[in-house]
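# Summary of the model geometry
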Amino acid sequence: MIIQLEMGPNFQRTANQLGSMGQALLDACSAGLEKGVKIAAGKVAADYLTGQSLKRRTGQLARAVDGWLAAPLDGVVGVRPNSAVSKYAWLLGDEEKTIRPKNAKFLTIPISENLTGAGVPRFSSPRQVPDGFFLKTKSGRLLFGYKKGKRGKFRALFTLVKSVFVQGSGALYDGTLDSLDDISDKIESEIARKTGAL
């Protein structure tokens with residue numbers, strides 16, 4: 001996904017005609033763009049990576065969102081390549097994936113009592129649960145959990161499914177688009193500062 005903020009059809013020609021002042025103009029645009037994409041990255045992390053579209057558990061993906069210059073006049077908002085969360089970065093876009101188990105029949109999805117308040121699983125696998133057992137509900141849903149005592153209530157810890165459909169949040173696009181005015185303001189203020197227009 002690319003969002004382009006274009007300077008206008010004659011921008012490069014005008015910068016070339018200005019000579020050394022033109023180089024200052026280009027440098028100012030790049031400096032403003034770099035500050036602007038940092039603001040956009042902060043907006044994505046703060047305002048678009050929480051709530052219904054993407055529930056934040058550990059916050060690692062949000063902390064990995066950054067803004068940087070790939071080249072002069074080429075700003076990037078996203079997750080840097082080879083980051084610790086690169087394999088989850090697709091959640092920031094609008095990509096859709098169906099996740100299936102690789103070496104098993106089912107995916108084990110932690111639910112209810114197995115989740116902390118932040119949504120982090122207490123047990124990552126049914127194998128970690130002593131005295132746990134599988135149960136099939138009347139609707140055909142396969143659960144894994146435990147029961148305390150003979151009359152205790154069944155406590156589900158995992159639901160087992162053959163696949164899970166996951167929709168990306170669109171957070172990167174929405175947050176960056178929402179920051180276009182801030183990016184433009186940073187570019188304008190850097191131009192004014194570096195060219196002495198103020």
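Here the structure is a predicted model, which means the values were calculated and not measured.

What counts, and at which threshold
Residues numbered from 1 in each chain as written. Predicted model: local features only at pLDDT ≥ 70, side-chain atom pairs only at ≥ 80, totals over all residues. Heavy atoms only, no water. Helix = DSSP H or I, 4+ residues; strand = E, 2+ residues; numbered from the N terminus. Polar contact = N/O pair within 3.5 Å; in protein donor to acceptor, adjacent residues only side chain to side chain. Contact = heavy atoms within 4.5 Å. Axes fitted to C-alpha atoms, helices over the stretch in contact; angles between N-to-C directions. Left-handed = near helix turned anticlockwise from the far one by under 90°. Parallel < 35°, antiparallel > 145°, perpendicular 65-115°, else oblique. Nonpolar A, V, L, I, M, F, W, Y, C, P; charged D, E, K, R; others polar. Buried < 20%, exposed > 50% of the residue type's maximum accessible area, 1.4 Å probe, protein only. Pairing = 2+ DSSP bridges. Phe/Tyr/Trp six-rings, centres within 6.5 Å; stacked < 30°, edge-to-face > 60°.

### Details of the side chain of threonine 159
As for its placement among the helices and strands, threonine 159 is situated in strand 7 (residues 155-161). There is a polar contact of 3.3 Å between the side chain of threonine 159 and the side chain of arginine 141. When neighbours within four sequence positions are excluded, threonine 159 is seen to be in contact with Leu107, Thr108, Ile109, Ile111, Arg141, Leu142 and Leu143.

### What about the packing of helix 2 (residues 20-47) against helix 5 (residues 180-195)?
At a minimum axis distance of 7 Å, the contact between helix 2 and helix 5 shows a crossing angle of 145°. Along this stretch, helix 2 crosses helix 5, giving a crossing that reads as right-handed.

### Brief notes about the packing of helix 2 against helix 4 (residues 171-178)
Two elements in contact, helix 2 and helix 4, have axes separated by 8 Å at closest approach and are oriented at 130°. Of the possible angle classes, the one that applies to helix 2 and helix 4 is oblique. When you trace helix 2 past helix 4, the crossing you get is right-handed. Two secondary-structure elements touch here, helix 2 through Ala40, Lys43 and Val44 and helix 4 through Ala171, Leu172, Gly175, Thr176 and Asp178. Its residues placed into classes, the contact of helix 2 with helix 4 shows four nonpolar, two polar and two charged.

### A short note on unusual backbone geometry
Of note in the backbone geometry, leucine 73 takes a positive phi value of approximately 65° without being a glycine. Structurally, leucine 73 can be placed in the loop between strand 1 (65-71) and strand 2 (74-79). Under the relative-accessibility criterion, leucine 73 is labelled partly exposed at 36%. Even without a glycine there, the phi angle at aspartate 131 is positive, about 65°.

### With respect to the environment of aspartate 131
Position of aspartate 131 among the secondary structure elements: in the loop between strand 4 (107-110) and strand 5 (133-136). Linking aspartate 131 and lysine 147, residues 16 residues apart in sequence, is a C-alpha distance of 8.2 Å. Every residue in contact with aspartate 131, bar those within four places of it in the chain, is listed here: Gly145 and Tyr146.

### As for the sheet that holds strand 4
The strand order across the open sheet formed by four strands is 4-7-6-5, and the pairing between neighbours is antiparallel. Two strands bound the open sheet, and with one partner strand each, they are strand 4 and strand 5. Adjacent strand axes in the sheet meet at a mean angle of 35° when their direction is disregarded. In this structure, strand 4 lies alongside strand 7, joined through four bridges in antiparallel fashion. Opposite threonine 108, over in strand 7, you have leucine 160 as the bridge partner.

### Section: the packing of aromatic side chains
Within the structure shown, the criterion is met by three aromatic pairs. Here phenylalanine 144 and phenylalanine 158 contribute two aromatic rings whose centre-to-centre distance is 6.2 Å and whose plane-to-plane angle is 55°, an arrangement assigned as tilted. Residue phenylalanine 144 is located in strand 6 (residues 142-146), and its partner phenylalanine 158 is located in strand 7; the two are separated by 14 residues in the primary sequence. On the accessibility criterion, phenylalanine 144 (4% relative accessible area) is buried.

Shape is all these values report; function is a separate question.
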